[in-house]
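Below, each chain spelled out in residue letters.
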Amino acid sequence: MPVIEAHALTKTYGELNAVDGIDFEVAPGESFGLLGPNGAGKSTAMRMIGGTSLRTSGTLLVNGLDPETHGPEVRASLGVVPQTDNLDPELKARDNLLMYGRYFGLPYSYLRPKADELLEFAQLTDKAAEKVDNLSGGMKRRLTIARSLINDPSVLLLDEPTTGLDPQARHILWDRLFRLKETGVTLIVTTHFMDEAEQLCDRLVVMDHGRIVAEGSPASLIRQYSTREVLELRFGSERNAALVDRLRGFATRIEALPDRVLLYAEDGEESLAAVRRDGLEPVTSLVRRSSLEDVFLRLTGRSLVE
Amino acid sequence: MSATTVRPVGGGVRGWFAANSSGNVRAVVERGFRVVGSQNWAIIVSGFFEPVLYLLSMGYGVGALVGDVTGPGGHPITYAAFIAPALLATSAMNGALYDSTWNVFFKLRFAKLYQGMLATSLGPLDVAAGEIFMALFRGLLYAIGFTAVIAALGLATSWWALAMIPVALLIALGFASLGMAVTSYFTTFQQMDWINIVLLPMFLFSATLFPISAFPEAVQWFIMALPLWHGVELMRQLSVGHFEASTAVHLTYFVALSVLGIAFTTRRLRSLFLR
Ligand SMILES: Nc1ncnc2c1ncn2[C@@H]1O[C@H](COP(=O)(O)OP(=O)(O)O)[C@@H](O)[C@H]1O
Ligand SMILES: [Mg+2]
């Protein structure tokens, strides 16, 4: 049985279709991503999965149950990391974990050692007695993530988990999430960072304006919608657009951005050499592998992070 | 509010509970007690002193001017003894409404406390019931405190005055349940101000500071439809241990208000907490 089955899932706010009829399934133990720019409807979809936002139409099953009619039961096996931290500012760090566990109806005999273990996991052991307001943004984020694990969830919903974390903390978190995944936890991650999606997700859907525009593994999406390599050329902002027609012959596809021109090609170095042979000398050039960013650009004509 | 059509949840009463509750109200109450110490003491203390200050200034200040007034059953009582029970009823109302409207609105929209709670196996019913319980608990402390002040000043002349404490809770329950339902319709702080626009005149005209006979009959009928008047009259009768047929009417009014308020809040629960 899939962990999540969404069919024609829709959420409307007034005139706006925040989530506009999306279909997806998530298998147990899978690490599934919702990738899309701000406003794509990722958080709204996450809230509907947790049953804390009522859908406008469509069907949704989480572990075989409708979160709208069995919210408490569905959430008992869910861990939720919301996009914006909502720690309890009136409680200290460790008490945040304990009280949260109490909301699940768990006994203190289980919660005390579990809270200590999670503080260790979040590297916050020495902050246990600190008021939440005195923690840095990164610490709050880690505490929120630790809190989501208090009930040993089988499904973890992470809404932009690494927003506000420094690069080192991000990598540590990714590592922790990998380890959770190894223990069989299903991860559902939203992000607008393509590197995060590539790192964390076995499979993902690309969302834009409430719709799913593509689905697949990071590698297959890149294969399907982009070339192996990308040649980035800068000729100076006024010349970039003017040169597009002349560059067209050197690549499978071209994207002209305000600050640079992207040439999609199987072999970037070879294209660069050909461009130079044609007498064009870019101010800077860079050859890199295609990423999900390129997939997104191809699908929507826009960048993921604006 | 939101355009979401709230689908009926299946399976009758049991289905409704499965959708809205894990039966763990206790955890919400536990959190409430845990944070009592870190709450805004200025608000808590002022909630207790406000009626005391009214009683001292109006009761004895204005009381010196007006002398005795007609109390329940036509017996003369001092002006302070006349307004003291009314102030208790008003403070029960104000406390309950503050907790169920402003406090709920703030925790919902700004502190995001309920979002955190509702991401667990708690349901909206658990959160609402826990918060109303905490509001009643605070109301209980105020009621005990103010009743003690009334007794110490010699303004209560019957043991029945002790019954003002549970009745204060009943008044608080009626207003808290109604207040929470009404809050579900609000989206901005500006709209919340309407609550005060309703409350202040209700306080001033519900026979709190002078008898209802001061008004023309048509106005009297209007006032007698308002909840606070029933609370005030009920408290006043208890304070001197005078009962008549109207006592039962006042009591019934508040039992009915509580039942309707709870039913109303229950209906609005999902609109309030799940958006
Ligand atoms: N409570 C709400 N009321 C009205 N509009 C909302 C609400 N929540 C989200 N939206 C709108 O729905 C769209 C999708 O938002 P969201 O799900 O937060 O996107 P994402 O998480 O992908 O950035 C946005 O246009 C947002 O403004
Ligand atoms: Mg979001």
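The model shown is predicted, which means the values in this text are computed figures rather than measured ones.

### With respect to the overall build of chain B
Argument step 1. Along the backbone of chain B there are 11 helices and 2 strands.
Argument step 2. The N-to-C order of helical and strand elements in chain B reads α-α-α-β-β-α-α-α-α-α-α-α-α.
Argument step 3. For the C-alpha atoms alone, the extent of chain B along its principal axes is close to 60 × 40 × 35 Å.
Argument step 4. A sequence separation of at least 24 residues applies to 78% of the contacts in chain B between residues at least 6 apart.

### What to know about the site of ligand 1
Residues and elements named next belong to chain A.
Argument step 1. With respect to spatial proximity, 13 residues lie near ligand 1, and among them Gly39, Gly41, Lys42, Ser43 and Thr44 are the closest.
Argument step 2. In this structure, Gly39 approaches ligand 1 through a main-chain N or O atom, which is 2.7 Å from an oxygen atom.
Argument step 3. Between ligand 1 and Ala40, the relevant distance is 3.1 Å, taken from an oxygen atom to a main-chain nitrogen or oxygen of the residue.
Argument step 4. Against a free-state accessible area of 560 Å², the protein chains account for coverage of 62% of ligand 1.
Argument step 5. When residues of the shell around ligand 1 are traced back to their parent elements, those giving at least two are strand S2 (16–26) and helix H1 (42–49).
Argument step 6. When residues in the shell around ligand 1 are grouped by element, the largest group, 4 residues, is from H1.
Argument step 7. Looking at the shell around ligand 1 residue by residue, the classes come out as 5 nonpolar, 6 polar and 2 charged.

### Some words on the interface of chain B and chain A
Argument step 1. Counting residues at the interface gives 37 residues for chain B and 31 residues for chain A.
Argument step 2. Carbon and sulfur atoms make up 50% of the area that chain B and chain A hide from each other, which totals about 2,900 Å².
Argument step 3. Across the contact surface, chain B and chain A share 4 salt bridges.
Argument step 4. Here Glu90(A) and Arg31(B) are joined by a salt bridge, their closest N and O atoms 2.9 Å apart.
Argument step 5. The interface formed by chain B and chain A contains 13 residue pairs in polar contact (both at pLDDT 80 or more).
Argument step 6. The biggest single contributor to the side of chain B that touches chain A is helix H2 (residues 25–35) of chain B, with 6 residues.
Argument step 7. Taken together, the residues that form the side of chain B that touches chain A break down as 14 nonpolar, 15 polar and 8 charged.

### Brief notes about the packing of helix H3 (residues 93–103) of chain A against helix H5 (residues 137–147) of chain A
Residue and element names in this part refer to chain A.
Argument step 1. The N-to-C vectors of H3 and H5 enclose an angle of 25°; their axes lie 10 Å apart at closest approach. One way to sum up the angle between H3 and H5 is to call them roughly parallel. The two elements H3 and H5 cross, and the hand of that crossing is right-handed. Contacts between H3 and H5 involve Ala93, Asn96, Leu97 and Tyr100 from the former and Leu143, Ala146 and Arg147 from the latter.
Argument step 2. Of the residues in the contact of H3 with H5, the class split is 5 nonpolar, 1 polar and 1 charged.

### A closer look at the coordination of the magnesium ion (ligand 2)
Residues and elements named next belong to chain A.
Argument step 1. Within the protein, Ser43 (OG) and Gln83 (OE1) serve as the donor atoms for the magnesium ion (ligand 2), at 2.0 to 2.1 Å. Taken together, the residues span a long stretch of sequence, with Ser43 in helix H1 and Gln83 in the loop between strand S5 (78–81) and H3 at a distance of 40 residues.
Argument step 2. The class for Ser43 is buried, based on a relative accessible area of 16%.
Argument step 3. Of the residues examined, Gln83 reaches a relative accessible area of 35% and is grouped as partly exposed.

### Observations concerning a nonpolar patch on the surface
Argument step 1. On the surface, a cluster of nonpolar side chains totalling about 660 Å² of accessible area is made up of Trp41(B), Val45(B), Phe49(B), Leu53(B), Leu56(B), Tyr60(B) and Leu153(B).
Argument step 2. With respect to the helices, strands and loops of the structure, Leu153(B) is situated in the loop between helix H6 (124–152) and helix H7 (164–183).

### Considering empty space enclosed by the protein
Argument step 1. Evaluation of the coordinates by the stated rule reveals 3 cavities of 30 Å³ or more.
Argument step 2. The calculated volume of the largest cavity comes to roughly 80 Å³.
Argument step 3. Among the secondary structure elements, those contributing two or more residues to the lining of the largest cavity are H3 of chain A together with helix H5 (113–118) of chain B.
Argument step 4. Considering every element that reaches the lining of the largest cavity, the biggest residue donor is H3(A), with 4 residues.
Argument step 5. A per-class count over the lining of the largest cavity returns 7 nonpolar, 3 polar and 2 charged.

### A short note on helix H10 (residues 268–277) of chain A
All names here are of chain A.
Argument step 1. Among the residues making up H10, those that are buried are Gly268, Ser271, Leu272, Ala274 and Val275. Seen end-on, H10 carries its buried residues on one side only, within an arc spanning 160°. The outward face of H10, more than 90 degrees from its buried face, is lined by the exposed residues Glu269, Glu270 and Arg277.
Argument step 2. Looking at the buried residues of H10, the elements they touch are strand S10 (229–234), helix H9 (237–247), strand S12 (261–265) and strand S13 (284–289).
Argument step 3. Of the residues one or two after H10, Gly279 is the one with positive phi, at around 90°.

### Some thoughts on the domain arrangement of chain A
Argument step 1. Splitting chain A by domain gives domain 1 (4–217) and domain 2 (227–289).
Argument step 2. Here the C-alpha centre of domain 2 of chain A lies 40 Å away from the C-alpha centre of domain 1 of chain A.

### Considering the nonpolar core
It is characteristic of soluble globular proteins that their nonpolar side chains tend to be buried jointly.
Argument step 1. Ranked by internal contacts, the top residues of the largest apolar core, which has 146 residues, are Leu143(A), Leu55(B), Tyr114(B) and Phe273(B).
Argument step 2. The dominant element in this core, judged by the number of residues it contributes, is helix H4 (residues 79–109) of chain B, at 17 residues.
Argument step 3. Excluding its chain neighbours within four sequence positions, the residues that come into contact with Leu55(B) are Tyr60(B), Ala80(B), Ile83(B), Ala84(B), Leu87(B), Phe146(B), Val149(B), Leu153(B) and Leu155(B).

### Quick notes on the environment of Gly29(A)
Residues and elements named next belong to chain A.
Argument step 1. Within the secondary structure, Gly29 sits in the loop between S2 and strand S3 (31–35).
Argument step 2. Gly29 gets classed as partly exposed once you look at its relative accessible area, which sits at 22%.
Argument step 3. The spacing of Gly29 and Lys181 is 152 residues in sequence and 6.6 Å in space, taken between C-alpha atoms.
Argument step 4. Non-local contacts of Gly29, meaning those with residues more than four positions away in its chain, are made with Lys181, Gly184, Val185, Thr186 and Asp202.

### Focus on the pattern of salt bridges
Argument step 1. Summed over all chains, the structure comprises 31 salt bridges over all chains.
Argument step 2. The partner of Glu30(A) in a salt bridge is Arg203(A), with the nearest N and O atoms 2.5 Å apart. With a gap of 173 residues between them, Glu30(A) in the loop between S2 and S3 and Arg203(A) in strand S8 (residues 203–208) connect regions that are remote in the sequence.
Argument step 3. Assessed through its relative accessible area of 13%, Glu30(A) is described here as buried.
Argument step 4. Since its relative accessible area comes to 18%, Arg203(A) is described here as buried.
Argument step 5. With a shortest N-O distance of 3.3 Å, Asp99(B) and Arg138(B) are connected by a salt bridge. Linking Asp99(B) in helix H4 with Arg138(B) in helix H6, this pair joins segments that are 39 residues apart in sequence.

Cut-off values and rules
- Residues numbered from 1 in each chain as written.
- Chains lettered and ligands numbered in written order.
- Predicted model: local features only at pLDDT ≥ 70, side-chain atom pairs only at ≥ 80, totals over all residues.
- Heavy atoms only, no water.
- Helix = DSSP H or I, 4+ residues; strand = E, 2+ residues; numbered from the N terminus.
- Contact = heavy atoms within 4.5 Å.
- Near = heavy atom within 4 Å.
- Polar contact = N/O pair within 3.5 Å; in protein donor to acceptor, adjacent residues only side chain to side chain.
- Areas by Shrake-Rupley, 256 points an atom, 1.4 Å probe, with all protein chains shown as cover.
- Nonpolar A, V, L, I, M, F, W, Y, C, P; charged D, E, K, R; others polar.
- Buried area = accessible area lost by both parts, 1.4 Å probe.
- Salt bridge = Lys/Arg side-chain N within 4 Å of Asp/Glu carboxyl O.
- Axes fitted to C-alpha atoms, helices over the stretch in contact; angles between N-to-C directions.
- Parallel < 35°, antiparallel > 145°, perpendicular 65-115°, else oblique.
- Left-handed = near helix turned anticlockwise from the far one by under 90°.
- Donors = N, O, S within 2.8 Å, 3.2 Å for Na, K, Ca; no water.
- Buried < 20%, exposed > 50% of the residue type's maximum accessible area, 1.4 Å probe, protein only.
- Patch = residues over 30% accessible without salt bridge, like charges linked within 9 Å, V, L, I, M, F, W, Y side chains within 5 Å.
- 1 Å grid on protein atoms, 1.4 Å probe; cavity = no way out; pocket = protein on both sides within 12 Å on 5 of 7 lines; lining within 4 Å.
- Points joined across faces, edges and corners; volume = space filled by probe spheres on them.
- Arc of directions from axis to C-beta.
- Domains from an automatic or database assignment.
- Core = buried A, V, L, I, M, F, W, Y, C linked by side-chain atoms within 4.5 Å.

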